[in-house]
Amino acid sequence: MGSPVYWHSMTGQFRTLLDRIYESTYKHQLKGKDLYFIFQGAAPSSAMLEAGSYTMGIFCRLFGLDYKGMATNMREAERLGTNLLK
């Protein structure tokens, strides 16, 4: 999943997606799946990154997903990508 940084946070559309998953009758199908979060924008601050990681961690705990981490640049995405190949 991913979101650009918008007004110091995730976009409204992305938060709406999270809300709709929360209300979905199919949310149980997420259990046990891996989740990687891409959070990209113009120089996100450490507070923005902490908030994004916190939100996704809570989301994953709610639905039994395995949160694999967040990438905010190409180097981090490549690091997370190596986990996909294992």
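Just above sits the structure.
Owing to the predicted nature of the structure, the values given are computational and were not obtained by experimental measurement.

This part takes up the sheet that holds strand β3 (residues 66-71). Spatially, three strands are ordered β1-β2-β3 in an open sheet, and the strand pairing comes out parallel. If you trace the sheet from one side to the other, it starts and ends with β1 (2-4) and β3, each paired once. Ignoring which end each strand starts from, the neighbouring axes of this sheet average 15° apart. Sheet topology places β1 next to strand β2 (residues 34-40); three bridges connect them, and they run parallel. Within β2, the position partnered with P4 by the bridge is Q40. Across the sheet, helix α3 (residues 74-84) touches β2 and β3, and the angle it forms with β3 is around 150°.

Cut-offs and rules
- Residues numbered from 1 in each chain as written.
- Predicted model: local features only at pLDDT ≥ 70, side-chain atom pairs only at ≥ 80, totals over all residues.
- Heavy atoms only, no water.
- Pairing = 2+ DSSP bridges.
- Helix = DSSP H or I, 4+ residues; strand = E, 2+ residues; numbered from the N terminus.
- Axes fitted to C-alpha atoms, helices over the stretch in contact; angles between N-to-C directions.
- Contact = heavy atoms within 4.5 Å.

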